[in-house]
Amino acid sequence: MIRGLVACLAGLCLVPAQAQERIYRCGNEYTNNAEVAKSRGCKLMEGGNITVIQGPAPQRTVAPSAPRPSTAPARNGNTRTDSAEQRARDSDARAILETELRRAEERLAEAKKAYANGEPEKQGIESRNYQRYLDRVAELKAALARAESDVTSIRNELNRHSGAGAPAGNAAK
């Protein structure tokens, strides 16, 4: 028994002490260097262990010495865009919307095909697990509703961009 106790005490002497050095707080910074802390007027932190994880240093922004000339004209409330430039922007926006409408209509057709009027064919385990089939049908119905909503929204946006209600391209289906 005494031998075991002596062996434990000898083992504990071999383990290095886990004592933490004195920590000083200098504003939002911490240091364990007493000389730096004294020169900066830091305060000694008392009680408990302190763990500080170094984060990334904030990036310093350098103020430009001279204003750089802008390649684009300055935009303010009084500046108007050239009508040809605005027409080009509108044309680009309309082309993008028409492309998105085609994609949305394709997704809608796929969703309608998969939904099959609420009676899609059962897959795998669904013939034995009716609840799984019902869950899939509900998901297909939600996907169909989303696809219809997308098509409607894009058509409305196209009509808004087209001007006085004349739908552009294939928007009037």
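What you see is a predicted model; the values in this text were computed from it and never measured.

1. Let's talk about the packing of aromatic side chains
Turning to step 1, where the next piece is worked out: All chains considered together, the criterion is met by 1 aromatic pair.
Turning to step 2, where the next piece is worked out: Judged by centre distance (5.8 Å) and plane angle (35 degrees), the rings of Tyr-130 and Tyr-133 are tilted. One end of the pair is Tyr-130 and the other is Tyr-133, both in helix α4 (residues 130-162) and 3 residues apart, which spans about a single turn.
Turning to step 3, where the next piece is worked out: Classification of Tyr-130 as partly exposed rests on a relative accessible area of 48%.
Turning to step 4, where the next piece is worked out: Owing to a relative accessible area of 9%, Tyr-133 belongs among the buried residues under this scheme.
Turning to step 5, where the next piece is worked out: The aromatic ring of Tyr-133 is capped on one face by Lys-122, whose charged end is 5.3 Å from the ring centroid.

2. Things to note about the pattern of salt bridges
A side chain with one charge may pair with a side chain of the opposite charge, provided their charged atoms come close.
Turning to step 1, where the next piece is worked out: As enumerated under the stated definition, the model contains 6 salt bridges in all.
Turning to step 2, where the next piece is worked out: Measuring nitrogen to oxygen at the nearest pair gives 2.8 Å for the salt bridge that ties Arg-155 to Glu-105. One end of the pair, Arg-155, is in helix α4; the other, Glu-105, is in helix α3 (residues 83-115), and 50 residues separate them in sequence.

Parameters at a glance
Residues numbered from 1 in each chain as written. Predicted model: local features only at pLDDT ≥ 70, side-chain atom pairs only at ≥ 80, totals over all residues. Heavy atoms only, no water. Phe/Tyr/Trp six-rings, centres within 6.5 Å; stacked < 30°, edge-to-face > 60°. Helix = DSSP H or I, 4+ residues; strand = E, 2+ residues; numbered from the N terminus. Buried < 20%, exposed > 50% of the residue type's maximum accessible area, 1.4 Å probe, protein only. Lys NZ or Arg CZ within 6 Å of the ring centre and 35° of its normal. Salt bridge = Lys/Arg side-chain N within 4 Å of Asp/Glu carboxyl O.

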